[in-house]
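Below, each chain spelled out in residue letters.
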Amino acid sequence: MNPKFILVSDPRSPLVGTFVYGMVWQHKDLLRDFEAVHGYGKVHGGGWFLKDDSRQTMTLYGSSGDFGPPQLSFLNRIPRELQGYTFLFTPSPSLPGNPLDLSEVEWL
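Residues numbered from 1 in each chain as written. Predicted model: local features only at pLDDT ≥ 70, side-chain atom pairs only at ≥ 80, totals over all residues. Heavy atoms only, no water.

### Brief notes about helix α1 (residues 27-38)
Part 1: Here α1 contains 12 residues, and its C-alpha end-to-end distance of 17 Å stays within 8% of the 16 Å for a straight helix at 1.5 Å per residue.
Part 2: Looking at the packing, one finds that the buried side of α1 touches β1 (2-9), β2 (18-24) and β3 (42-52).
Part 3: Once α1 ends, the next one or two residues include Gly 39, with phi positive near 90 degrees. (Helix = DSSP H or I, 4+ residues; strand = E, 2+ residues; numbered from the N terminus. Expected span 1.5 Å × (residues − 1). Contact = heavy atoms within 4.5 Å.)

### Description of unusual backbone geometry
Most of the time, phi is negative for any residue but glycine, and the peptide bond is trans.
Part 1: Unlike most non-glycine residues, Gln 56 shows phi in positive territory, near 50 degrees.
Part 2: If you trace the backbone, Gln 56 turns up in the loop between β3 and β4 (57-61).
Part 3: A residue is classified by how much of its surface remains accessible, and Gln 56, at 37% relative accessible area, is partly exposed. (Buried < 20%, exposed > 50% of the residue type's maximum accessible area, 1.4 Å probe, protein only.)

### Some details on the pairing of β3
Part 1: As judged from the five bridges shared by β1 and β3, these two strands associate in the antiparallel manner. By the bridge assignment for β3, Ile 6 is matched with Gly 46.
Part 2: As paired strands, β3 and β4 are joined by five bridges and run antiparallel to one another. Among the inter-strand pairings, Leu 50 is bridged to a residue of β4, identified as Thr 59.
Part 3: As consecutive antiparallel partners, β3 and β4 are separated by four residues, and within that stretch Gln 56 has a phi angle of approximately 50 degrees, a positive value. (Pairing = 2+ DSSP bridges.)

Here is the structure:
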């Protein structure tokens, strides 16, 4: 299993994306779990993550083979257990990440 994430919205809020992450084999497994709870979801890309609890960072990188690269403008809602973490994005984990602005994020 691998650390993967997607950004997904539901039809009631098509312009609001939710950060869904977990240890899965494929990105589409995350969508299946989201849809089991919320119904249909539109995916706005995804990738891989590296969660560092000691530094409280969540580094997002790469691209989803199922859904393409993450459209970070849909990073609008993040699970509350990650509040206080700094989110970084990099195209490759071998490069330093750039901090993402979370000032407008809703914590679920």
